[in-house]
Every structure is written in structure tokens, then in C-alpha cells.
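Structure at a glance
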Amino acid sequence: KNQVEQSPQSLIILEGKNCTLQCNYTVSPFSNLRWYKQDTGRGPVSLTIMTFSENTKSNGRYTATLDADTKQSSLHITASQLSDSASYICVVSEGAGGTSYGKLTFGQGTILTVHP
Amino acid sequence: EAGVAQSPRYKIIEKRQSVAFWCNPISGHATLYWYQQILGQGPKLLIQFQNNGVVDDSQLPKDRFSAERLKGVDSTLKIQPAKLEDSAVYLCASSLRLAGVQNTGELFFGEGSRLTVL
């Protein structure tokens, strides 16, 4: 059964600090992995996407890594801001190469709270 | 480009009543998803449409939930009768994914419809 596990479940940090969120998956065949940010009361928004051949992808202060051998991904947030407070969801897509079959497996999310 | 539109944003009903949610995907997006998100959890797929056909409804509680996507554009999700455990946010998402066309399957989500069942 395809699964995506995220850790920690929740995290509290001070503004300006860095943090790293983890995602482990057992999805096959693998196409790509996305990190979504979901603000409270809003729908998720895509932050990064990585395919099998990519190891690192950055989007501003967000940097995602992927180890396809160990089936692990991380999302690193640098110099956190209050607006980073949100739920971060890891989503893995089945497919071949860069093409998704449209079947997605969601993690349960990590709730990040940034305090001033 | 307009995003995914959902309505209503909020709905409060009593158990055993019925409710309907509406979703209008991004223009040209062939794939439409309905997800249920319970507080503190990740989204759970209820049903996936490709144009106006159902691709996956294996997790849809068919005794009380129904969904349709007439003409392959907008969609409605209905719950009848509602139970307390149906309290959740119902997210609609669309994707450009078309059969035979290479794409990464990025989902674009609406703001969600928050249902409270009393």
C-alpha cells in the first residue's frame, strides 16, 4: 500500500530560525514529489516539485531535497517568518518519468508555528 | 487566470440533513478531484473525474455521498443524510492532466468548503 509519512507532526520555532521537515514515502511507481503549503482556512498551494532525477529544488527561502534511493524528502525553511506558519503537506505522485498518472498519496502534514 | 472556485465557503447543518457543494475548476483542466480534510489531517481523496468520467471513487461513502461532473466542467458533491463525522473541509482541486500528454499533475486547489454537522 502506498504511504507517505511526515515528521514531526507539529513544530514551533522562533522567527528568524531555520527548520527542516521530513517526508518518507513508499509509493511505486514514483513520478514526482511535491511540497504544498496550506495556510489556515485556505487550500494547499504548491511550493516545489521534484522528479526522480532531481536532488534539490529551491523556491526562495524554501529548499526541498529528494533521495530517491532511500525514498526520503525534506523541506528546509531558512530565516523563518511569521507568514511561514502553516501546514506543510508532502504529496507523492505515481507515474513514469516526469509524467504523473494522476494518482496521488498525501502525507498528514506538519503544522509549523512561527513565534515572534 | 482564475483559480478553482468553490461555494459555499461555510455551511452548518444538523445531522440527517443534506448539503451540496459546488466547484468550478480552472478553465481547460481535464481532471477534477474532491478531497475531504478533517482537522489536523491531510486531504483524503473522495472522487476523481477525468473530463465527465469517474476515474476513482473507491473511498467515496456511496450510501450518503454522491458527485457528478456534467459536461466535464463544474462539479457538485452532495451529502445526504449528513453525519457528525462528516464535519470537515471539502477541497476541490483541478489538474491539467490529459491522457497521453506529459505533465507533472500539479493540483490547483480551491479555498475549500467548511462543513459543520451538529
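Quick look at the structure, then. (Residues numbered from 1 in each chain as written. Chains lettered and ligands numbered in written order. Predicted model: local features only at pLDDT ≥ 70, side-chain atom pairs only at ≥ 80, totals over all residues. Heavy atoms only, no water.)

1. Some words on the sheet that holds strand β8 (residues 75–79) of chain B
Residue and element names in this part refer to chain B. Applicable threshold: Here the rule is simple: two strands pair whenever DSSP picks up at least two bridges between them. Secondary structure elements are defined from DSSP: runs of H or I of at least 4 residues count as helices, runs of E of at least 2 residues count as strands, and each element is numbered from the N terminus. The axes are straight lines fitted to the C-alpha atoms, using for helices just the contacting stretch, and the angles between their N-to-C directions are given from 0 to 180°.
Pairing in this open sheet of four strands is antiparallel, and the strands run β1-β3-β8-β7 from one edge to the other. Two strands bound the open sheet, and with one partner strand each, they are β1 (5–7) and β7 (65–68). Averaged over neighbouring strand pairs, the angle between their axes works out to 15° when direction is ignored. Of the pairings in the sheet, the one linking β7 to β8 comprises four bridges and is antiparallel in character. By the bridge assignment, Glu68 is partnered in β8 with Thr76.

2. Side note on the side chain of Asn32(A)
All names here are of chain A. Heads up, the rule is: For every residue, the accessible area (1.4 Å probe, protein chains only) is compared with the maximum for its type, and the residue is labelled buried under 20%, exposed over 50%, or partly exposed between those bounds. Two N or O atoms count as a polar contact when they lie within 3.5 Å, although within protein this holds only if one can serve as hydrogen donor and the other as acceptor, and sequence-adjacent residues are included solely when both atoms are side-chain atoms.
With respect to the secondary-structure elements, Asn32 resides in strand β4 (residues 30–38). Assessed through its relative accessible area of 2%, Asn32 is described here as buried. Looking at Asn32, its side chain comes within polar contact range of the side chain of Ser31, at 3.2 Å.

3. Some thoughts on the interface of chain B and chain A
We apply this condition: Residue contacts follow a heavy-atom distance rule, with two residues in contact if any of their heavy atoms lie within 4.5 Å. By definition, a salt bridge exists where a carboxyl oxygen of Asp or Glu is found within 4 Å of a side-chain nitrogen of Lys or Arg. Under the grouping applied here, Gly and all other residues not named as nonpolar or charged are polar, the nonpolar ones being Ala, Val, Leu, Ile, Met, Phe, Trp, Tyr, Cys and Pro and the charged ones Asp, Glu, Lys and Arg.
Contacts between the two partners involve 22 residues from chain B, matched on the other side by 21 residues from chain A. The tally of links between chain B and chain A comes to three salt bridges. In this structure, Glu106(B) engages Arg34(A) in a salt bridge whose closest nitrogen and oxygen atoms are separated by 3.9 Å. It is strand β4 (residues 31–37) of chain B that contributes the most residues to the side of chain B that touches chain A, three residues altogether. Across the side of chain B that touches chain A, the residue classes tally to seven nonpolar, ten polar and five charged.

4. Looking at the sheet that holds strand β8 (residues 72–77) of chain A
What links the strands of a sheet is backbone hydrogen bonding, and the strands pair in either a parallel or an antiparallel sense. Residue and element names in this part refer to chain A. Across the sheet, which stays open at both edges, the five strands sit in the order β1-β3-β8-β7-β6 with antiparallel pairing between neighbours. Strand pairing shows two members of the sheet lacking a second neighbour, β1 (3–7) and β6 (56–59), which therefore form its edges. When strand polarity is set aside, the average angle formed by the axes of neighbouring strands in this sheet is 15°. Note: β1 against strand β3 (residues 19–26), five bridges, orientation antiparallel. Note that in β3 the partner of Glu5 across the bridge is Asn24.

Coordinates in, geometry out; function isn't part of it.
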